[in-house]
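The chain contents come next:
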Amino acid sequence: MKKFIAITLMFTASQLSAQLKAVSYSENGQKLNGFASVPAKSLKQKPGVLILPAWMGINNHSKEVAQKLSAMGYHAFIADIYGEGKYPATTKEAGEQSGYYKKNADRYQSRISAALKELVKSGADANNIVVIGYCFGGTGALEAARGGLDIKGVVSFHGGLGKDAARTGSTIKPKVLVLHGADDPFVPQKDIDGFIAEMKEAKADWQLVYLPNAVHAFTEKEAGNDNSKGAAYNEKADKRSWVYFTDFLKEIFNSK
């Protein structure tokens, strides 16, 4: 029995790996390199999920998420925000690169829009799209909603919630789910309060879920498990956030 299970797991992992396809595209003259994951059998609505990676760019975690989603019947695409020749090699570079897009939300939204087009090209229905993101990508998911992109929902995993007070607000149509580490030291209370006020003013359909004992990057296994560093993996928070997320998808796409 154990041997059978092992073979089955190996076969499944092989299948998932085969589903991930490198895709080159461009935006504003910049070459970008994303990944598409196409389901062997799509759900009826051909829903798509755009994945926005954390500040170091596309990593193993974002690829695993894409593969898990396609195994569930969703079309998935991992966006490249920085572009070829601009990938950060250090956290200092990542801070500078991500900082630019946080300060220039219109540029971030343009990069997300370009990736959305690739998701649709891969087979997703343009009318059934959700954008999700991790850390810096979580900020991007919220920017997709703020920018009025044609999507049904956004999900932020341990993402930044702040927005420049000088920016004018508008009605937010996509449903919003924020999965937040209750002990995250990188998201100040003023940003949380500002986000809540923003959602209310925008008349959004939103949820903010606190995951207990979790800090920043709680879904990233490579972050280690030392909460004192401010960023650490938390298995329970990771699993719980995935349940909240997949329930959110089922609600939006009316799938079982």
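Residues numbered from 1 in each chain as written. Predicted model: local features only at pLDDT ≥ 70, side-chain atom pairs only at ≥ 80, totals over all residues. Heavy atoms only, no water.

**Q** What exactly am I supposed to notice about the overall build of the chain here?
**A** A count of helical and extended segments in the chain gives seven helices and eight strands. On C-alpha atoms alone, the chain measures out to a radius of gyration of 18 Å, which is about the 18 Å that the 2.2 N^0.38 rule sets for 256 residues. Principal-axis analysis of the C-alpha atoms places the extent of the chain at approximately 60 × 40 × 40 Å. The 256 residues of the chain split such that 50% are buried. (Helix = DSSP H or I, 4+ residues; strand = E, 2+ residues; numbered from the N terminus. Rg over C-alpha atoms; globule rule 2.2 N^0.38 Å. Buried < 20%, exposed > 50% of the residue type's maximum accessible area, 1.4 Å probe, protein only.)

**Q** Looking at this structure, I do not really get helix α2 (residues 60-71). What am I missing?
**A** Residues three or four positions apart in an α-helix share a direction because the helix packs 3.6 residues into each turn. Helix length check: α2 (twelve residues) gives 16 Å between terminal C-alpha atoms against 16 Å at 1.5 Å per residue, within 8%. For α2, the complete set of buried residues consists of H61, S62, V65, A66, Q67, L69 and S70. (Expected span 1.5 Å × (residues − 1).)

**Q** I would appreciate a short explanation of the packing of α2 against helix α7 (residues 235-253) in the present structure.
**A** Think of two packed helices as two axes; the pair is described by the angle between the axes and how far apart they sit. Where α2 contacts α7, the axes come no closer than 13 Å and their chain directions differ by 45°. Between α2 and α7, the angle falls in the class oblique. Helix-helix and strand crossings are classified by hand; for α2 and α7 the assignment is right-handed. Along its contact with α2, which presents V65, K68 and L69, the element α7 presents W242, F245 and L249. The residue makeup of the contact of α2 with α7, split by class, is five nonpolar, no polar and one charged. (Axes fitted to C-alpha atoms, helices over the stretch in contact; angles between N-to-C directions. Parallel < 35°, antiparallel > 145°, perpendicular 65-115°, else oblique. Left-handed = near helix turned anticlockwise from the far one by under 90°. Contact = heavy atoms within 4.5 Å. Nonpolar A, V, L, I, M, F, W, Y, C, P; charged D, E, K, R; others polar.)

**Q** Help me out: how do you make sense of the side chain of D238 in this one?
**A** Structurally, the position occupied by D238 is in helix α7. Buried charge without a salt bridge: D238, with K221 as the nearest opposite-charge side chain at an N-O distance of 5.7 Å. Within the local environment of D238, its side chain forms a polar contact with the side chain of Y233, the two groups lying 3.0 Å apart. (Lys, Arg positive; Asp, Glu negative; His and termini not counted. Salt bridge = Lys/Arg side-chain N within 4 Å of Asp/Glu carboxyl O. Polar contact = N/O pair within 3.5 Å; in protein donor to acceptor, adjacent residues only side chain to side chain.)

**Q** Explain the packing of aromatic side chains here, please?
**A** What characterises a pair of aromatic rings is the spacing of the ring centres plus the angle enclosed by the ring planes. Taken as a whole and assessed by the stated rule, the structure comprises eleven aromatic pairs. Ring centres of Y74 and F253 lie 6.1 Å apart, and the angle between their planes is 45°; this geometry places the pair in the tilted category. Separated by 179 residues along the polypeptide, Y74 in the loop between α2 and β4 (75-78) and F253 in helix α7 bring together distant segments of the chain. By the burial criterion, Y74 is buried, and F253 matches it. With 6.0 Å between their ring centres and 5° between their planes, Y82 and F136 make a pair best called stacked. You can see Y82 sitting in the loop between β4 and α3 (91-103) and its partner F136 sitting in helix α5 (residues 136-146), a full 54 residues away along the chain. Each member of the pair, Y82 as well as F136, carries the same accessibility label: buried. Through successive ring pairs, a cluster of aromatic residues spans Y82, Y100, Y101, Y108 and F136. A cation over an aromatic ring shows up here: K68 above the ring of W242, its NZ or CZ 3.9 Å from the ring centre. (Phe/Tyr/Trp six-rings, centres within 6.5 Å; stacked < 30°, edge-to-face > 60°. Lys NZ or Arg CZ within 6 Å of the ring centre and 35° of its normal.)

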